[in-house]
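# Secondary and tertiary structure notes
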Amino acid sequence: METQTFYSNGKLLITGEYVVLDGAKALALPTKFGQKLIVNSGANHQIKWKSFDSDKSVWFEDIISFDEIKSKSTNDKNAAVKNTLIEILHQAFIQNPSFLEKEGYQIETHLTFPRLWGLGTSSTLINSIGDWLNIDAFELLQKSFGGSGYDIACAKSDSPIVYHLENEKPHFKPIHFNPSFKENIHFVYLNQKQSSKLAIANYMSKHHHVNAVISKINTITYETIDCKEGKDFAKQMEKHEVIMSDVLEIQTVKEKLFPDFKGIIKSLGAWGGDFVMAISKDNPKDYFKDKGYPVVLSYEEMIL
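Below or above, wherever it landed, is the structure these notes cover. (Residues numbered from 1 in each chain as written. Predicted model: local features only at pLDDT ≥ 70, side-chain atom pairs only at ≥ 80, totals over all residues. Heavy atoms only, no water.)

## Details of helix α4 (residues 137-144)
When we look at burial in α4, the residues that qualify are Ala137, Phe138, Leu140, Leu141 and Ser144. Projected onto a plane normal to the axis of α4, the buried residues spread over an arc of 160° and lie on a single side. Buried residues along α4 sit against α2 (80-95), α3 (121-133), α5 (150-156), β6 (161-166), β7 (169-174) and α6 (196-205). The backbone nitrogen of phenylalanine 138 has a side-chain oxygen 2.8 Å away, supplied by the residue at the start of α4, namely aspartate 136. (Buried < 20%, exposed > 50% of the residue type's maximum accessible area, 1.4 Å probe, protein only. Helix = DSSP H or I, 4+ residues; strand = E, 2+ residues; numbered from the N terminus. Arc of directions from axis to C-beta. Contact = heavy atoms within 4.5 Å. Polar contact = N/O pair within 3.5 Å; in protein donor to acceptor, adjacent residues only side chain to side chain.)

Following this line, the structure appears as C-alpha cells:
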C-alpha cells in the first residue's frame, strides 16, 4: 500500500455558538491551520499511531490492536486519548468493517496549529478518517463525539460557510465573506482549552424556549454576512454576545476579562476558552499582551 495523505482545515464559529445545535444558522470560517493524516501499511493486525503537535513534538503515541477497535475496549482505562481514538475507530469500523481486513497500519497525524488552540484537533482527524475510509464524517462525529458538525463542514470547505442542522442532518453552503474591514479583526487565544463536550452538556441543561433566540441569531448571521462597514459588523457581534450571555447566564468575556478594551470582543465556540474575536480601530496586540494574552492573530493570518 502506498502512502496516503489527507488534510482537513481547522475552524472558527463566528455566529451561532450553542444554538447551532438547535438548528440556528451559523457563520463558520475554515482556518489556514489544520491537520494532516498520513497512512502507511503495517503489520500484526494493529495500528501504530503517532501524533505530532505543530512544534514537531510527539504528543501521543500508542499501539492499538484491531481487537480493541472491534470490541471498543482497552485494558488501559486511564489512557483518555487512546480511549477516544478507539471510540472513533470503532465507529469507523461499524461504518466500514473492511478497513480491519488489512495486515495493519502505521498512522501519523501532524497538526499545523498548537494542539491546545482548540481549532479542531478532533474534527480535522474525524474528517480525514472519513476521507480515508470513504465513510460519512458527519455520522462518524455524531456517533463518537457528538456536536453540531459545523467543524466537519469547515474541515471540508475552502471558503466561509453558513451551516445549520435540519432534522439533525447537516446543511452548509459556501458563501462570499471577505470583509473590507478585516484589518480591524483579530483573534486572541485565551490560554484556556475548552471541552466542547462539557460546554454542550451545560448548554443543554439550561435549555429553554430557544425558537425566539434562534430567529434573532439567524437574523444576525445574515446581517453579519452583508456588513459593508466595520462598525456595523461590531454592532452585530455585540448584539450576539448580549443575547447569548442571557441564554447561557454567563458574563460576556469582555465584562469578565477586558472591561476597559476599546472595541468589541466576541466569544467563538464554547464560552470561556480557546479563541475570541476582537474588533477595534487600533491594532490590539499590545493591549492583549499587557493583559497576559500574547497570542493575537490577524484575520489574514488565521482565516483561509
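## Details of α3
Along an α-helix, a turn takes 3.6 residues, which lines up residues three or four apart on a common side. Helix length check: α3, at 13 residues, gives a terminal C-alpha distance of 19 Å against a target of 18 Å (1.5 Å per residue), a fit within 8%. Within α3, 11 of the 13 residues are buried, which leaves it mostly tucked inside the rest of the structure. Every buried residue of α3 is accounted for by Thr121, Ser123, Thr124, Leu125, Ile126, Asn127, Ser128, Ile129, Gly130, Trp132 and Leu133. (Expected span 1.5 Å × (residues − 1).)

## As for the nonpolar core
Membership of the largest hydrophobic core comes to 40 residues, with the highest contact counts inside it found for Leu37, Trp49, Leu89, Phe99, Ile129 and Trp132. Take this core: its biggest share by element is 6 residues, from α2. With residues up to four places along the chain from it excluded, the contact list for tryptophan 49 reads Leu37, Phe60, Glu61, Asp62, Leu85, Leu89, Ile107, Thr109, Leu125 and Ile129. Leu12, Phe187, Ile225 and Leu268 belong to the second-largest nonpolar core, a separate cluster that totals 30 residues. (Core = buried A, V, L, I, M, F, W, Y, C linked by side-chain atoms within 4.5 Å.)

## Structural notes on the pairing of strand β2 (residues 26-41)
For a regular strand, the rule is simple: side chains alternate between the two faces of the sheet. The buried count for β2 comes to 12 of 16 residues, which makes it a mostly enclosed element. Relative to β2, strand β1 (residues 4-13) is paired through 9 bridges, and the arrangement is antiparallel. Looking across to β2, one finds that leucine 12 is bridged to leucine 29. Looking at chain direction, β2 and β6 are connected through 3 bridges and run antiparallel. Opposite leucine 27, over in β6, you have valine 162 as the bridge partner. (Pairing = 2+ DSSP bridges.)

## Topic: the pattern of salt bridges
Tallied over the entire structure, the rule returns 11 salt bridges. Linking glutamate 229 and lysine 231 is a salt bridge whose minimum nitrogen-to-oxygen distance equals 2.7 Å. Taken together, the shared-partner salt bridges in this structure form one network comprising Lys32, Lys182 and Glu300. (Salt bridge = Lys/Arg side-chain N within 4 Å of Asp/Glu carboxyl O.)

## Remarks on the packing of α2 against α4
It is at 9 Å that the axes of α2 and α4 come closest, and there the two elements cross at 130°. The angle between α2 and α4 places the two elements in the oblique class. The two elements α2 and α4 cross, and the hand of that crossing is right-handed. Between α2 and α4, the contacting residues are Glu87, Ile88, Gln91, Ala92 and Gln95 on the first element and Glu139, Leu140, Lys143 and Ser144 on the second. Here the residues of the contact of α2 with α4 sort into 3 nonpolar, 3 polar and 3 charged. (Axes fitted to C-alpha atoms, helices over the stretch in contact; angles between N-to-C directions. Parallel < 35°, antiparallel > 145°, perpendicular 65-115°, else oblique. Left-handed = near helix turned anticlockwise from the far one by under 90°. Nonpolar A, V, L, I, M, F, W, Y, C, P; charged D, E, K, R; others polar.)

## A few points about the side chain of serine 128
Along the chain, the position of serine 128 falls in helix α3. On the accessibility criterion, serine 128 (1% relative accessible area) is buried. In terms of polar contacts, serine 128 uses its side chain to reach the side chain of serine 8, at 2.8 Å. Residues within four places of serine 128 in sequence aside, it is in contact with Phe6, Tyr7, Ser8, Gln35 and Leu37.

## Description of the packing of aromatic side chains
Taken as a whole and judged by the stated rule, the model has 21 aromatic pairs. Ring centres of tyrosine 105 and tryptophan 132 lie 5.1 Å apart, and the angle between their planes is 90°; this geometry places the pair in the edge-to-face category. Here tyrosine 105 is found in strand β5 (residues 105-111), whereas its partner tryptophan 132 is found in helix α3, with 27 residues between them in sequence. Note on accessibility: tyrosine 105 and tryptophan 132 belong to one class, buried. A network of ring pairs unites the aromatic residues Phe258, Phe261, Tyr287, Phe288 and Tyr293 as a single cluster. (Phe/Tyr/Trp six-rings, centres within 6.5 Å; stacked < 30°, edge-to-face > 60°.)

## Some details on the environment of proline 114
As for its placement among the helices and strands, proline 114 is situated in the loop between β5 and α3. Expressed as a C-alpha distance, the spacing of proline 114 and serine 54, which sit 60 residues apart in the sequence, is 5.2 Å. Residues contacting proline 114, with those up to four places away along its chain left out, are Asp53 and Ser54.

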